[in-house]
Amino acid sequence: MISLAKILFTLAAVIGVWTVFRLVRRWASGQPRVTPAERGAQAARDSVEGRWTDPARTPELDLVRCPACGSYGPRGQACPCGRDHP
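Residues numbered from 1 in each chain as written. Predicted model: local features only at pLDDT ≥ 70, side-chain atom pairs only at ≥ 80, totals over all residues. Heavy atoms only, no water.

So, on to a positive patch on the surface. Taken together, the side chains of Arg-22, Arg-25, Arg-33 and Arg-39 define a basic patch exposed on the protein surface. Residue placement: Arg-25 occurs in helix 1 (residues 4-29). (Patch = residues over 30% accessible without salt bridge, like charges linked within 9 Å, V, L, I, M, F, W, Y side chains within 5 Å. Areas by Shrake-Rupley, 256 points an atom, 1.4 Å probe, with all protein chains shown as cover. Salt bridge = Lys/Arg side-chain N within 4 Å of Asp/Glu carboxyl O. Lys, Arg positive; Asp, Glu negative; His and termini not counted. Charge placed at Lys NZ, Arg CZ, Asp CG, Glu CD. Helix = DSSP H or I, 4+ residues; strand = E, 2+ residues; numbered from the N terminus.)

Here we take up a nonpolar patch on the surface. Among the surface-exposed residues, Leu-4, Leu-8, Leu-11 and Ile-15 lie close enough to one another that they form a single nonpolar patch of about 410 Å² accessible area. Mapping Leu-4 onto the fold places it in helix 1. For Leu-4, a relative accessible area of 62% puts it in the exposed group. (Buried < 20%, exposed > 50% of the residue type's maximum accessible area, 1.4 Å probe, protein only.)

A separate point is the packing of aromatic side chains. Tallied over the full model, the rule gives 0 aromatic pairs. For the cation-ring pair, Arg-22 lies above Trp-18, with the distance from its terminal atom to the ring centre recorded as 4.8 Å. (Phe/Tyr/Trp six-rings, centres within 6.5 Å; stacked < 30°, edge-to-face > 60°. Lys NZ or Arg CZ within 6 Å of the ring centre and 35° of its normal.)

Dropping the structure here:
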């Protein structure tokens, strides 16, 4: 007859064998263990580096000062005050 103890023991044995297999495989590959926090930090670094090195994502704008209101805006576009920037 199948009892709860037998089911729990079988489940614990399967999880234990799976964990040992993962540890042995990682040890054999020679890779250090990477925590989720380290993976997240590396992803953030990669994202920031990609943002600063990709010129297509950061176009340069030539900003000029509006003589009427003193705000800055892109050359050739209308200012909020209604005048075109030179």
